[in-house]
Each structure stands twice: as structure tokens, then as C-alpha cells.
Amino acid sequence: VQLQASGGGLVQAGGSLRLSCAASGRTISSYGMGWFRQAPGKEREFVATITWSTGITYYADSVKGRFTISRDNAKNTVYLQMNSLKPEDTAVYYCAARPAAVLTRRVSEYDYWGQGTLVTVSS
């Protein structure tokens, strides 16, 4: 599975961005998809996850109510809509996939990773 993340950029606090993650190379209808982020000097952390088949979602407390993960089956693409952005959301955002339709926030349980896209939120 190849994952291509895009949509990052520079935005002011309170603004919005939508990240996209296009998947290719294998049928992912039974996969779980996730978004993670990594700020400078910090470990990679969980943001949100969705099961491709059922659309069930799970979020980190820090983004709940502000971020929304979704998927488009026809386009084989997962999205992360980010609203009410804060400076502490600044990080490189990664999409990831695992061949199991089970929600998990553990980095180690994802087998495939995209290249990352930088989100910078200015105050």
C-alpha cells in the first residue's frame, strides 16, 4: 500500500485546513486508516483513526470536536478536516494504514505510512 499525504500549509490560529491521504496499490476496504503528527523534538502521536469499511472513528482528546476524519471510497482517499487550529497543532502530519478494521491509536500497529505533510499554525 502506498500512501500520499497532501494539504499542509501555513494558517493562522483559528483557521482551517483539510489534509488528504490517497491510497494505492492494494484494496484497502478492510483496512484501518489513521492520522498521526509529530512536532519538533516530540514523539509521533495519534490524532484520529477510521475503519474503511464501516466509517467508525476515534479521536485523540486534544483534537476532539475540532478535527474530523472521513473517507471517500470512490477516490480511495482519507481526509482530516482541521478546524479551530491552534499553534500547538503545528507538526508534520502523517497518514497510516493497517490491514485490520480495528481502531487503534498505537503507532506500532500501523504497517504503512505516507511521507508526511507540514502544518504550521501561527499565533
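Structure: see above.
The text that follows walks through the structure, step by step, so that each part is easy to find. All of these numbers come straight from a predicted model, not from anything done at the bench. (Residues numbered from 1 in each chain as written. Predicted model: local features only at pLDDT ≥ 70, side-chain atom pairs only at ≥ 80, totals over all residues. Heavy atoms only, no water.)

## A closer look at the pairing of strand 5 (residues 45-51)
Argument step 1. Most of strand 5 is tucked away: 6 of the 7 residues are buried.
Argument step 2. As judged from the 6 bridges shared by strand 4 (residues 32-38) and strand 5, these two strands associate in the antiparallel manner. Within strand 5, the position partnered with arginine 37 by the bridge is glutamate 45.
Argument step 3. Following strand 4, the chain reverses through 6 residues before pairing antiparallel with strand 5; glycine 41 in that reversal takes a positive phi of roughly 80°.
Argument step 4. In terms of strand pairing, strand 5 meets strand 6 (residues 57-59) through 3 bridges, oriented antiparallel. Residue isoleucine 50 lies in a different strand from strand 6, and its bridge partner there is threonine 57. (Buried < 20%, exposed > 50% of the residue type's maximum accessible area, 1.4 Å probe, protein only. Helix = DSSP H or I, 4+ residues; strand = E, 2+ residues; numbered from the N terminus. Pairing = 2+ DSSP bridges.)

## A closer look at unusual backbone geometry
Argument step 1. Residues other than glycine seldom take positive phi values, yet asparagine 76 does so here, at roughly 55°.
Argument step 2. Locating asparagine 76 in the fold gives a position in the loop between strand 7 (67-72) and strand 8 (77-82).
Argument step 3. You can call asparagine 76 partly exposed: its relative accessible area is 24%.

## Regarding the environment of arginine 18
Argument step 1. Looking at the secondary structure, you find arginine 18 in strand 3 (residues 17-24).
Argument step 2. Its relative accessible area of 46% is what places arginine 18 among the partly exposed residues.
Argument step 3. Sequence-wise, arginine 18 and alanine 101 are 83 residues apart; in three dimensions their C-alpha atoms are separated by 24 Å.
Argument step 4. Excluding residues that lie within four positions of it along the chain, arginine 18 makes contacts with Ser6, Gly7, Tyr79, Leu80 and Gln81. (Contact = heavy atoms within 4.5 Å.)

## Looking at the state of the cysteines
Argument step 1. As enumerated under the stated definition, the model contains 1 disulfide in all.
Argument step 2. The disulfide bridge from cysteine 21 ends at cysteine 95, spanning 2.2 Å between sulfur atoms. Classification of the bridge connecting cysteine 21 and cysteine 95 rests on its S-S torsion, roughly 65°, and on that basis the disulfide is right-handed. With cysteine 21 in strand 3 and cysteine 95 in strand 9 (residues 91-98), this residue pair connects regions lying 74 residues apart in the sequence. For the residue pair cysteine 21 and cysteine 95, the accessibility class agrees, reading buried in each case. (Disulfide = S-S within 2.5 Å.)

## Structural notes on the packing of aromatic side chains
Argument step 1. Counted by the stated rule, this structure contains 6 aromatic pairs.
Argument step 2. Ring geometry for phenylalanine 36 against tyrosine 110: centres 5.1 Å apart, planes inclined by 75°, an arrangement best described as edge-to-face. With a gap of 74 residues between them, phenylalanine 36 in strand 4 and tyrosine 110 in the loop between strand 9 and strand 10 (112-113) connect regions that are remote in the sequence.
Argument step 3. Aromatic pair phenylalanine 36 and tryptophan 113: ring centres 5.1 Å apart, planes at 55°, arrangement tilted. With phenylalanine 36 in strand 4 and tryptophan 113 in strand 10, this pair connects stretches of sequence that are 77 residues apart.
Argument step 4. Every member of this aromatic cluster is reached through a ring pair, and the members are Phe36, Phe46, Tyr58, Tyr110 and Trp113.
Argument step 5. Cation over ring: arginine 44 sits above tyrosine 94, and NZ or CZ is 3.7 Å from the ring centre.
Argument step 6. We note arginine 44 situated over the ring of tryptophan 113; from NZ or CZ to the ring centre the distance is 4.8 Å. (Phe/Tyr/Trp six-rings, centres within 6.5 Å; stacked < 30°, edge-to-face > 60°. Lys NZ or Arg CZ within 6 Å of the ring centre and 35° of its normal.)

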